[in-house]
Amino acid sequence: MNVFEAMRERIEDSLSVAMRDAGRASVADGADFSVEPPRDPRHGEVSSNVALVRAKAAGMKPRDLAERVADALAAHEDVLDVSVAGPGFINLRLRGEIWRARLGDILAAGTSYGDSDLGEGKKVNVEYVSANPTGPMHVGHGRGAVVGDALASLLAKAGYAVTREYYVNDAGAQVDVLARSLYHRYCQVIDKETTGELPDDYYPGEYLVEAGRALLDRDGLKWFFSGEDEWMPPVRDFAIDAMMDLIRDDLAALGISHDVFSSERELAVSGAVEEALSDLQDRNLLYEGVLEPPKGRADEDWEPRPQTLFRSTAFGDDTDRAIRKSDGSWTYFATDMAYHRDKFRRGFPILIDVWGADHKGYVKRMQAAVDALSGGGAAFDVLICNLVNLSEAGRPVKMSKRAGTFVTLRDVVDRVGKDVVRFIMLTRGNEASLDFDLAQAVEQSKDNPIFYVQYAHARACSALRNAAETFPGEDFSDSALGEAPFDRLDEDEELSLIRMLAGWPRTVEAAAEAAEPHRIAYALSDIAAAFHALWNRGNVDDDRRFVVADDLALSRARLALVRASALVIASGLDVMGVAPVEEMR
RNA sequence: GCGCCCGUAGCUCAGCCGGAUAGAGCAGCGGACUUCUAAUCCGCAGGUCGCAGGUUCGAAUCCUGCCGGGCGCGCCA
């Protein structure tokens, strides 16, 4: 049970009662008012602004309406105390049992506590990573990967049917360059002397030397004496496969696997682009035109050129967009439009893309395109992930591909571990830039949020281990603790932690609705803080330890709270893709 | 020039679709350990929410205009 949602319904009922008693017509219902824990605990346990929001429609002063609703609420058995405060807030205190009973819910549900049907099983496609298959992933890609993956898990927890998708940009000039780079390495492996140095515009990474050897192993000297026309297609395929293997390995190291990989090239050859454009053509959204040069920027190479344009300005874009290059091939935008149309037509009414900050300027045109191609039927959202600034003990890590000092995502994951990387990547909103300090990330102190949260979980496990020693033979399983006498939990700090845990379903839903997985990290930090505070009381006062040797019943009740805290933390870590630890040693 | 993002305590940042006296961590100061791991906790101090208007019962939040910073701006993906 979600206490706040349950109270929302009671407030709705009380509102109707109040209106009827006042001789007013009932006001249309809806979720336009808040039911939430107030920031200041002196304002009660549950607070609502319903009277402020509905006063106008009710034709009453906010405080008058609040008084009436409060009177109706006061009659409810679960409500201990109601007051009207400030401009017309209704503040409630509930019977302790309402809160305590949530411990039973948590112990019964385990880490699936907080699961919600908010999404009503609607299909959502989350496209993330989509790094070009030209080399290993860098740290910036890693952020998009973690944010996308956590968002997908979050939406799944909130009741959406989520598909995790990767768009492989395996078409266009860059994969040809990749193929040439690989071919060059292949030739170098065979005969370094005659092949010569790697040209400047080729991909320089060592990983292509390995791929070159692998190509030699597979095909022998077959391509060494042939012309580019001949070797390009097979070598390109080989290169893309090799790079995708590399990327999949990098992702696996982060614990990420996608459900669907979509190929740009397959899309281009399947005629999907022509279909999409013909859709637009039919609706008169394509035309031949000449774009204005961008203002305020001197561009020597600018030449006015008539080209096929998509009327994206009709959907809020700043300028219309080209769909064909001068060599006759499609622009990236054209294939990407076809791709998004394809996703929509595969039955996803909700599309979410996770992109890097360098693609921010691309958002409007894609929104315009999805709008046009779905006839407004698709909800499309883009999460932009800002830069990651890597540092080491406060000093920025300088990276240069040429100097060979480039730090890859894999380097970082191998250094600090996947769980640390994932957690750190979620400690900021995705649009804010993120400082990632390699030294601080593994520091064992409260400066390090992942340590702080993991430590709380470990401590909880420790308390349970201790209980098993103190009370040999006693059953401290989740189901046994679910039967503990919760009414023994009557101290303010205990109740305050219980209320925090009871708010977990609300946190999950709010984070999912806002598509902000980082909120989970913040919520876990809050819960960990409350848990640590509770723990420490036991250091000051023996009677307040979780395990009290001469009072089994009290111990069981407290351990139920301890276990419930661990389960909620584990539930949040699960959304983040982080494994909870049971001890820190 | 245009577009998007950002500007909150000395520092790094939260702030849920407008809500009550703006929060947390770090740094600073003062306390709590013969530990269910003190790897933690408690307290104190610290703010014209960039500036100026507007919208309204109420604005850090929404709107407009400035100031300051970042990113992007026809055929690269």
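Reading guide: rules and limits
- Residues numbered from 1 in each chain as written.
- Chains lettered and ligands numbered in written order.
- Predicted model: local features only at pLDDT ≥ 70, side-chain atom pairs only at ≥ 80, totals over all residues.
- Heavy atoms only, no water.
- Pairing = 2+ DSSP bridges.
- Helix = DSSP H or I, 4+ residues; strand = E, 2+ residues; numbered from the N terminus.
- Near = heavy atom within 4 Å.
- Polar contact = N/O pair within 3.5 Å; in protein donor to acceptor, adjacent residues only side chain to side chain.
- Nonpolar A, V, L, I, M, F, W, Y, C, P; charged D, E, K, R; others polar.
- Phe/Tyr/Trp six-rings, centres within 6.5 Å; stacked < 30°, edge-to-face > 60°.
- Buried < 20%, exposed > 50% of the residue type's maximum accessible area, 1.4 Å probe, protein only.
- Lys NZ or Arg CZ within 6 Å of the ring centre and 35° of its normal.
- Expected span 1.5 Å × (residues − 1).
- Salt bridge = Lys/Arg side-chain N within 4 Å of Asp/Glu carboxyl O.
- Domains from an automatic or database assignment.
- Contact = heavy atoms within 4.5 Å.
- pLDDT = per-residue confidence, 0-100.
- 1 Å grid on protein atoms, 1.4 Å probe; cavity = no way out; pocket = protein on both sides within 12 Å on 5 of 7 lines; lining within 4 Å.
- Points joined across faces, edges and corners; volume = space filled by probe spheres on them.

Focus: the sheet that holds strand S3 (residues 79-85)
1) Next: Spatial strand order, S1-S2-S4-S3: four strands in an open sheet with antiparallel pairing. Whereas interior strands pair on both sides, the edge strands pair on one side only; in this sheet they are strand S1 (35-36) and S3.
2) Next: Looking at chain direction, S1 and strand S2 (residues 46-48) are connected through two bridges and run antiparallel. In the strand pairing of S2, Val 35 is matched with Ser 48.

Section: the protein's contact with RNA strand B
1) Next: Near RNA strand B lie 74 residues; those nearest to it are Arg 39, Lys 325, Gln 444, Ser 462 and Arg 545.
2) Next: The protein-proximal atoms of RNA strand B, defined as those within 4 Å of the protein, are 56% sugar or phosphate.
3) Next: Within the contact set of RNA strand B, a sugar or linking oxygen lies 3.3 Å away from a side-chain nitrogen or oxygen of Arg 519.
4) Next: Going through the elements one at a time, strand S4 (89-94), helix H6 (173-190), helix H16 (449-470), helix H19 (504-514) and helix H20 (518-540) are the ones with two or more residues in the surface near RNA strand B.
5) Next: No other element matches the nine residues that H20 contributes to the surface near RNA strand B.
6) Next: When the residues that make up the surface near RNA strand B are grouped by side-chain class, the tally is 26 nonpolar, 23 polar and 25 charged.

Some remarks on the packing of aromatic side chains
For any pair of aromatic rings, the description consists of the separation of the ring centres together with the inter-plane angle of the planes.
1) Next: For the structure shown, the criterion picks out 17 aromatic pairs.
2) Next: Ring centres 6.5 Å apart and planes at 50° place the aromatic pair Tyr 167 and Tyr 332 in the tilted group. On the criterion of sequence distance, the pair formed by Tyr 167 in strand S6 (residues 161-168) and Tyr 332 in helix H12 (residues 332-345) is long-range, its members being 165 residues apart.
3) Next: Where Trp 535 meets Phe 546, the ring centres are 5.9 Å apart and the plane angle is 75°; that geometry is what we call edge-to-face. Here the residue Trp 535 occupies a position in helix H20, and Phe 546 occupies one in the loop between H20 and helix H21 (552-576), the gap between them amounting to eleven residues. Residues Trp 535 and Phe 546 agree in their burial class; the two are buried.
4) Next: Pairwise contacts between aromatic rings join Tyr 167, Phe 310, Phe 315, Tyr 332, Phe 333, Tyr 339, Trp 355 and Tyr 362 into one cluster.
5) Next: Taking the ring centre of Phe 261 as reference, the NZ or CZ of Arg 248 above it sits at 4.6 Å.
6) Next: Geometry around Phe 4 places Arg 506 over its ring, the cationic atom sitting 5.6 Å from the centre.

Describing unusual backbone geometry
1) Next: Of note in the backbone geometry, Val 129 takes a positive phi value of approximately 75° without being a glycine.
2) Next: Mapped onto the fold, Val 129 is located in the loop between strand S5 (123-127) and helix H5 (139-157).
3) Next: Judged by its relative accessible area of 11%, Val 129 is buried.
4) Next: With a phi close to 60°, Asn 284 is a non-glycine residue in the positive phi region.
5) Next: Within the fold, Asn 284 resides in the loop between helix H11 (272-282) and strand S8 (286-290).
6) Next: On the basis of relative accessibility, which here comes to 53%, the residue Asn 284 falls in the exposed class.

A few points about H21
1) Next: Taking 1.5 Å per residue, 25 residues should reach 36 Å; H21 reaches 35 Å between its end C-alpha atoms and fits that length.
2) Next: Just past H21, the residue Gly 577 takes up positive phi, approximately 80°.

Section: the pattern of salt bridges
1) Next: Going through the model one piece at a time under the given rule, you end up with 39 salt bridges.
2) Next: When the shortest N-O distance is used, the salt bridge between Asp 279 and Arg 341 registers 3.0 Å. Within this pair, whereas Asp 279 is found in helix H11, its partner Arg 341 is found in helix H12, the two being separated by 62 residues in sequence.
3) Next: Taking the shortest distance from any N to any O, the salt bridge between Glu 494 and Arg 537 comes out at 3.9 Å. Of this pair, Glu 494 sits in helix H18 (residues 492-502) while Arg 537 sits in helix H20, and the two are 43 residues apart along the sequence.
4) Next: Exposure remark for Glu 494: the relative accessible area of 2% places this residue in the buried category.

Here we look at the domain arrangement of chain A
1) Next: Partitioning chain A into domains gives domain 1 (3-94), domain 2 (173-253) and domain 3 (449-576).
2) Next: Taking the mean C-alpha position of each, domain 1 and domain 2 sit 68 Å from one another.

Observations regarding the pairing of strand S13 (residues 388-392)
1) Next: When S13 meets strand S15 (residues 434-437), the two strands line up parallel, connected through four bridges. Within S15, the residue paired with Val 388 across the bridge is Leu 434.
2) Next: Where S13 and strand S14 (residues 395-396) come together, two bridges link them in antiparallel fashion. Its bridge partner being in S14, Ser 391 is matched across the sheet by Pro 396.

Quick notes on the environment of Val 416
1) Next: As for its placement among the helices and strands, Val 416 is situated in helix H14 (residues 409-416).
2) Next: Along the primary structure Val 416 and Leu 438 are separated by 22 residues, whereas in three dimensions their C-alpha atoms are 7.2 Å apart.
3) Next: When sequence neighbours within four positions are dropped, the list of residues in contact with Val 416 reads Val 421, Phe 436, Leu 438 and Val 442.

Digging into the confidence of the model for chain A
1) Next: Overall, the predicted model of chain A reaches an average pLDDT of 91, with 97% of residues at or above 70.
2) Next: Here the complex is predicted with pTM 0.95, and the ipTM for its interfaces comes to 0.93.

Observations concerning empty space enclosed by the protein
1) Next: Throughout the structure, instances matching the rule amount to one cavity of 30 Å³ or more.
2) Next: Approximately 30 Å³ is the volume attributed to the largest cavity.
3) Next: As for the largest cavity, its lining consists of His 340, Arg 341, Phe 344, Val 370, Leu 373 and Ser 374.
4) Next: Looking at the lining of the largest cavity, the elements that each hand over two or more residues are H12 and helix H13 (363-373).
5) Next: It is H12 that contributes the most residues to the lining of the largest cavity, three residues altogether.
6) Next: Among the residues making up the lining of the largest cavity, the classes are represented as three nonpolar, two polar and one charged.

Let's talk about the sheet that holds strand S9 (residues 306-310)
1) Next: Across the sheet, three strands lie side by side as S8-S9-S10; this open sheet has antiparallel pairing. The open sheet is flanked by S8 and strand S10 (321-322), the only strands paired with a single partner.
2) Next: Pairing analysis gives five bridges linking S8 to S9, with the strands arranged antiparallel. Paired with Gly 289 across the bridge in S9 is Gln 307.

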